[in-house]
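Residue strings, one per chain:
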Amino acid sequence: MSTHSIPKGTRDFNAIEMARRNYIFDTIRSVFKLYGYVPIETPAMENLSTLLGKYGDEGDKLLFKVINSGDYLGGVDEKVLVAKDSARLLKDISEKGLRYDLTVPFARFVVQHRNEVVFPFKRYQIQPVWRADRPQKGRYREFYQCDVDVIGTASLLNEVELVRITDEIFTRLGIKVLVKMNNRKILSGIAEIIGEADKIIDITVAIDKLDKIGIDGVNKELSEKGLSESTIDKLQPILNLGGSNREKLEKLKVVLTSSAIGIKGIEEITTIFAYLDHLGLSTQVQLDLTLARGLNYYTGAIIEVKAKDVEMGSISGGGRYDDLTGIFGMPGVSGVGISFGADRIYDVLNELNLFPSETEQATKVMVANFGDKEEIAGLKFLQTLQQSGIPSEMFPEPSKMKKQFGYADSKKIPYIVIIGSNEVESGIFQLKNMLTGEQELLSPEKIIEKLK
RNA sequence: GUGAUCGUAGCUCAGUCGGUUAGAGCGUCAGAUUGUGGAUCUGAAGGUCGCGGGUUCGAGCCCCGUCUUUCACCCCA
């Protein structure tokens, strides 16, 4: 066993895996482009001041911090070192961190380039992010997110567009999904009417687990978070809400009638569903009041996508944030976006065997190498093949045919062109079909025509 | 961060109660009439048994630590 390996939660990708990953990225990217989004990229590292405090306490813990270069301990106060106060020491020895998601760097980007971007700004971004989480199923420390966001417009048409994009992408990939939608304003309204507005985060995190731990588990957790018996009682009708999306909203309207913000949330989501009704998407969109999402910058719609046929965390998630840029000094700009988790989508496609087989083939024809002047003839023909746009390669050494054919075989190259001394003399080459074993003498032009 | 779990050849795995030189299959490489692959046959190479310490006459096997894998919790794509 080699002593060299890679950090926990990171992975190498071989050629087959890359072909499959690129299939996912290409699919997602082409849909993003189709809907009018433009790409940007931001650095792997951001200043810690940009990152800290945006993802909640838990998020801060999961941020990879980058230690300062050089003598990073040199200027540190001895008292701080002796005290072993990690949080305090961190400020002195680290000022950068690896990005945790693409949304916060995007907000920073928008603020920093506010004079260059035209609003509404529709951007997509496909890059890796890092989280110092403990790896497990569907969870990595380095993984790719594919984000689409529109910023600078409060129109709910954007939420509708995100659902359409989601529908389009998963339809193309062949994954059956359930889109769950909720609205933070509804959650705020609920917290308000039960008189616990400041406990909104605790409440949402608890009811988010309804699926997993059941109603009793949720109630227990709420009680542990310091909610009184009577407050928890008030929550029960909301937790037990059933029926269609429309029915749920009707009932909720009654419950939240005294909460202005709650009513606003209901109006928003009702509007979105009304738009969606006109479109007839194949993907099911469900109002899920237990959907909370921990990220505390969301203020309106919250969206989460789950694969129907695989046991796995969400494969996409997003929502509206009214004031993310405000933290960076540019208030009043509303944005909404969704992130597709490429690595989890990979795991889903893999588990369901949904990768198309043609994603694996690369080289279409290999020119066998006979050395000497045959090799020169082969090289020239290789050049012609490539100029004609045919993915091709020549074996780099005049090895035995057994070895050269074996190479083509293991690389699943479907054709071999044989240019030996006879062929150089006649100018007519052998084209061998590796699948059927058939072989025919053809002019170079005919070969190209056939392979194109 | 908490609790489990895994680690033996490139890969998948055997390895008895602690006993002498650690095995198999697949793969790789080399051959089986030098211009033809997949199949078959022959042969070869390949191991600090994750790493470090301990117990023992003796450790792949037992104990401790550590790293990694997988899984659950927390949280999340």
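Conventions we followed
- Residues numbered from 1 in each chain as written.
- Chains lettered and ligands numbered in written order.
- Predicted model: local features only at pLDDT ≥ 70, side-chain atom pairs only at ≥ 80, totals over all residues.
- Heavy atoms only, no water.
- Buried < 20%, exposed > 50% of the residue type's maximum accessible area, 1.4 Å probe, protein only.
- Helix = DSSP H or I, 4+ residues; strand = E, 2+ residues; numbered from the N terminus.
- Arc of directions from axis to C-beta.
- Contact = heavy atoms within 4.5 Å.
- Pairing = 2+ DSSP bridges.
- Axes fitted to C-alpha atoms, helices over the stretch in contact; angles between N-to-C directions.
- Salt bridge = Lys/Arg side-chain N within 4 Å of Asp/Glu carboxyl O.

(A) Layout of helix H11 (residues 229-239). Among the residues making up H11, those that are buried are Thr231, Ile232, Leu235, Gln236, Ile238 and Leu239. Each buried residue of H11 sits inside an arc of 165° when the element is viewed along its axis, so together they form one side. The inward-facing, buried residues of H11 abut helix H8 (184-193), helix H9 (200-207), helix H10 (210-224) and helix H12 (245-255).

(B) Looking closely at the sheet that holds strand S15 (residues 429-433). In spatial order, the strands read S13-S12-S14-S15-S16; together these five strands make up an open sheet with mixed pairing. Of all strands in the sheet, those with a lone pairing partner are strand S13 (392-394) and strand S16 (439-442), marking the two edges. Between one strand axis and the next, the sheet turns through 25° on average, direction left out of account. Pairing analysis gives three bridges linking strand S12 (residues 365-367) to S13, with the strands arranged parallel. Bridging from a neighbouring strand, Met366 pairs with Glu393 of S13. Against the sheet, helix H18 (residues 444-451) engages S12, strand S14 (415-418), S15 and S16, with an angle of about 125° to S16.

(C) Summary view of the pattern of salt bridges. Counted under the stated rule, the structure contains 22 salt bridges. Between Asp343 and Arg21 there is a salt bridge, with its nearest N and O atoms 3.1 Å apart. Placement of the pair is Asp343 in helix H14 (residues 342-351) and Arg21 in helix H1 (residues 15-34), with a sequence separation of 322 residues. When its relative accessible area of 5% is taken as the criterion, Arg21 is described as buried. Here Arg29 ties to Asp26 by a salt bridge, and the two come within 3.4 Å at their closest N and O atoms. Of this pair, Arg29 and Asp26 both sit in helix H1, three residues apart, which is roughly one turn of that helix.

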